[in-house]
Amino acid sequence: MGRLRTLIAESFSLSWAADRRAFIITTSLQLFGAVILAAQVLIVKMVLDAILDVTEGGGDTGQVVLPVMLLAGVTAVVAVSAAIQGNQLRLLSELVVRKTWQRLLDVAAAVGLRAFESPDFYNRLERIQTNALSRPFQLTQGVIGMVGGAAGSVGLSIAIISLEPLLLPLLLLAGIPVFITSRKESRREFNFTVAQTPRLRMRGYLGMIQTGRDEAKEIRAYGLAGALRERFDRVYTHYIADLRVHLRHRTRLAVLGNSVSALFLAGTLLALVWLVGRGRVTLAEAGAAIVAIRLLSQQVNTLFRGIQQIFESGLFLNDLSDFVSLQPAAEEAESGAPAPDSFSTLSAHGLTFTYPGSTQPVLHEVSVEMKKGEIVALVGENGSGKTTLAKLLAALYEPTSGTISWDGTDISTYSRPHLRRSIAVVFQDFVRYHLTARENIGLGRPERLDDEAAIAAAAQRAGIHHAIDALPQGMDTMLSKMFKGGRDLSGGQWQRIALARAFFRDAPFVILDEPSASLDARAEHALFQSLRDLLGGRTVLFISHRFSTVRTADRIYVLGDGRVTEQGTHDELMALDGHYAELFRLQAAAYLEPAER
Ligand SMILES: Nc1ncnc2c1ncn2[C@@H]1O[C@H](COP(=O)(O)OP(=O)(O)OP(=O)(O)O)[C@@H](O)[C@H]1O
């Protein structure tokens, strides 16, 4: 009962928060419908009394007309109110769905990147997402049904007491078995959903890659459709098998509960016949009582269904409230003093970092320093920790130990969202937004999305302006074939869009993770030749595997197995004749004829 109380309170507050007006209207209509039901029973008794008076006492037929008209009127009112209430309920449910999504998106935006490393987080997010369209509907209907069912049951109980008090306890007994079994059903539903979530996530993923545009070419090139389809079917088959077992249990419980309740109801009706036989109840009262019992069983059903719907939404509500409760902690973890707009010196000292869920650190005691306006390069073999270090310097992860300071102040004391305003990052796997070219660049600084001149200037600096001009609607062209009139770009053009986004961000600290991986040789050369002009005065950290681009950097850090193994300018590192020099010569040699080496 304690849990039910909590769930009901949460359901009410969610519906109330979604839209007070719609909630009040829907609940009032439901209460109105309930009161009218009790009136209907008493009018039925009036009709029966009048009819019996005519047939037995030879009264005037006209006296039946008024009660019959009243009954017809009330029936019409019930129908109209139910129709209005149904529409209002639909609206309210949709508003609750929207509220749920708002909460979900607020939390997803607030949690740190760390959360996205956790399968638990994904499972919960997935459960909320997949349920977010159906459960709020169910929950709202549950709340309203429960209010209406309870009010209707009370109204009809009073009507029944006024007809014959003895009938009520018998009817209440009839409700108990259904109540018990429906609670058991809900608990089963709850456990089933929890157990199936990982499998449903895999099913969703397999379905998504078989229908995704990005995956379509590789799936065809490798002929993967059959293999992936087979995996999808296998996951589905297991799910359906478990669902069958689950539904069998649920059906068994429902049959049991309803059968026992029906037996109790039969007993009540027999008792009524007995009371009529003993002359304690008149025929009109008995007729009205039968109508009341019928209506009451409907109302009790509505009440229990409402409670069951709330119970079944319990897991969803639990997940939602747990999920929502992550937000304050996440915001607290990223809060701090207002960050400065820039730095003269950034120094990272003794950074060690272990990814959540891993046991081995991927960075060990890494120290780097950057001065305002410097261009610093990070090089190293695949998996040596370059991107991880960049993510730490971009304040996306907290180091496990060690500190990153801006002019001597540890950045963990600053508000991280505030700090990130001064950082622009182009990730290796940057996002290709299915939006217009203008938005793809403008999202670099969303609050200035309508600054068309600055967006055009950023496009020019990234060398993508000609390609955009050639699009059918220029900057307003959707960069996605998923939308009508949309166009796609080449890999290098997309990379320039990502660069333009970073330029538009206009931040003093710029991190470029392999910014030229998809650029052609001329574009790459031009980018690095003009990097200082393009990003004049800004501090740039860039990661690259192309040593021709790295040599222009003011300082180069070489990472190996998560450690800084060498550092210095290109000339210093060549003179050192270590790992860097070896990798540099290896790459240079590949371009030269054997005779030139
Ligand atoms: N999210 C993650 N969770 C756990 N381990 C990770 C995660 N991301 C990367 N790693 C591991 O951390 C190590 C460093 O990865 P990182 O991406 O920083 O390397 P990198 O030097 O940028 O490599 P590349 O040149 O291939 O881009 C790798 O061993 C990788 O497997």
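The structure presented is a predicted model; accordingly, all values stated were derived computationally and were not measured.

**Section: the overall build of the protein**
Within the protein, the secondary structure is distributed over 20 helices and ten strands. For 597 residues, the compact-globule estimate of 2.2 N^0.38 gives 25 Å, and the protein exceeds it by more than 25% at 35 Å. Restricting the contact set of the protein to residue pairs at least 6 apart, pairs at least 24 apart contribute 76%. Of the accessible surface of the protein, which amounts to about 30,000 Å², a share of 58% is contributed by carbon and sulfur atoms.

**Some details on the UniProt feature "transmembrane region" (unreviewed entry) in the protein**
As annotated in UniProt, the feature "transmembrane region" (unreviewed entry) corresponds to residues 21–44, 64–84, 143–160, 166–182 and 253–276 in the numbering used here. The span residues 253–276 is 100% helix and 0% strand, and its two end C-alpha atoms sit 35 Å from each other.

**Some points on the site of the ligand**
Lining the immediate surroundings of the ligand are 14 residues, of which E117, G383, K386, T387 and T388 lie closest. One of the backbone N or O atoms of S384 is found 3.1 Å from an oxygen atom in the ligand. Here H545 contributes a side-chain N or O atom positioned 3.0 Å from an oxygen atom of the ligand. Out of a free accessible area of 640 Å², the ligand has 66% covered by protein chains.

**Details of the sheet that holds strand β9 (residues 555–560)**
Across the sheet, six strands lie side by side as β6-β7-β8-β3-β9-β10; this open sheet has mixed pairing. Each edge of the open sheet is held by one strand with a lone partner, namely β6 (423–426) and β10 (563–568). The mean inter-strand angle of the sheet, taken between neighbouring strand axes irrespective of direction, is 15 degrees. Alignment of β9 against β10, held across five bridges, turns out to be antiparallel. Note that in β10 the partner of Y557 across the bridge is Q567. This element, helix α16 (residues 491–505), spans β6 and β7 (509–513) of the sheet and lies at about 180 degrees to β6. Packing against the sheet, helix α20 (residues 579–591) makes contact with β3 (375–380), β9 and β10, and its axis sits at approximately 95 degrees to β9.

**Structural notes on the domain arrangement of the protein**
You can read the domains of the protein as domain 1 (1–328) and domain 2 (345–430 + 507–590). Relative placement of domain 1 and domain 2: their C-alpha centres are 57 Å apart.

**Concerning the nonpolar core**
Core analysis: the largest hydrophobic core is formed by 48 residues, its most contacted members being I441, I468, L531, F542, I556 and Y580. The dominant element in this core, judged by the number of residues it contributes, is α16, at eight residues. Each residue touching L531, except ones within four places of it in the same chain, is listed here: I375, L512, G536, V540 and F542. Counting residues in each nonpolar core, the second largest holds 33 residues, with A18, A22, L95 and L317 among its members.

**Quick look at the packing of aromatic side chains**
In total, this model carries 15 aromatic pairs according to the counting rule given. Aromatic ring contacts, followed pair by pair, group F192, F232, Y236 and Y239 into a single cluster. Taking NZ or CZ as reference, R203 lies 4.6 Å from the ring centre of Y236, over its face. Over the aromatic face of Y239 sits the side chain of R203, whose NZ or CZ is 5.4 Å from the ring centroid.

**Observations concerning the sheet that holds strand β2 (residues 363–371)**
The strand order β2-β1-β4-β5 describes an open sheet built from four strands, whose pairing is antiparallel. Strands with a single pairing partner mark the edges of an open sheet, and in this sheet they are β2 and β5 (409–410). Where strand β1 (residues 345–353) meets strand β4 (residues 401–406), five bridges bridge the pair, whose relative direction is antiparallel. Bridge assignment links A348 to a residue of β4, and that residue is I404.

**Section: the environment of A18**
In this fold, A18 is placed in helix α1 (residues 2–18). Taking C-alpha positions, A18 is 22 Å from A83, a pair spaced 65 residues apart along the chain. When residues no more than four places from it in sequence are discounted, the contact partners of A18 are L95, V96 and K99.

The rules behind these values
Sequence order as written defines residue numbering, which begins from 1 separately in each chain. Local features in this predicted model are restricted to residues whose pLDDT is 70 or higher, and side-chain atom pairs enter the listing and the counts only when it is 80 or higher, whereas totals over whole chains, interfaces and linings include all residues. Side-chain descriptors were evaluated using all non-hydrogen atoms of the structure, hydrogens and water having been removed beforehand. The way it works is that DSSP assigns letters per residue, a run of H or I at least four long becomes a helix, a run of E at least two long becomes a strand, and they are numbered from the N terminus. Each radius of gyration reported is based on C-alpha atoms, and the globular scaling rule is 2.2 Å times the count of residues to the power 0.38. We call two residues contacting when some pair of their heavy atoms lies within 4.5 Å. The Shrake-Rupley method, run with a 1.4 Å probe sphere, supplies the accessible areas, and residue values consider only the shown protein chains as cover. UniProt positions are given in the numbering used here, feature names are shortened, and annotations may be inferred rather than shown by experiment. The nearness test applies per residue and asks whether one of its heavy atoms lies within 4 Å of the molecule or strand. By the criterion applied in these results, polar contacts are pairs of N or O atoms within 3.5 Å in which, for protein atoms, one can donate a hydrogen and the other can accept it, and in which residues neighboring in sequence qualify only through two side-chain atoms. Think of it this way: DSSP has to see at least two bridges between two strands before they count as a pair. An axis is simply a line fitted to the C-alpha atoms; with a helix, the fit covers only the stretch in contact. Between two such axes, the angle follows the N-to-C directions and lies from 0 to 180 degrees. For the domains described, the bounds stem from an automatic or database domain assignment. Only buried residues count toward a nonpolar core. Its members are Ala, Val, Leu, Ile, Met, Phe, Trp, Tyr and Cys residues joined through side-chain atoms within 4.5 Å. Relative accessibility decides the category of a residue: with a 1.4 Å probe and only protein chains considered, values under 20% of the type maximum give buried, values over 50% give exposed, and everything between is partly exposed. Geometry of aromatic contacts follows a simple scheme: Phe, Tyr and Trp rings, the Trp one being its six-membered ring, pair when their centres are within 6.5 Å, and the pair is stacked under 30 degrees between planes, edge-to-face over 60, tilted otherwise. As a reminder, the over-ring test applies to NZ of lysine and CZ of arginine, requiring each to be within 6 Å of the ring centre and within 35 degrees of the ring normal.

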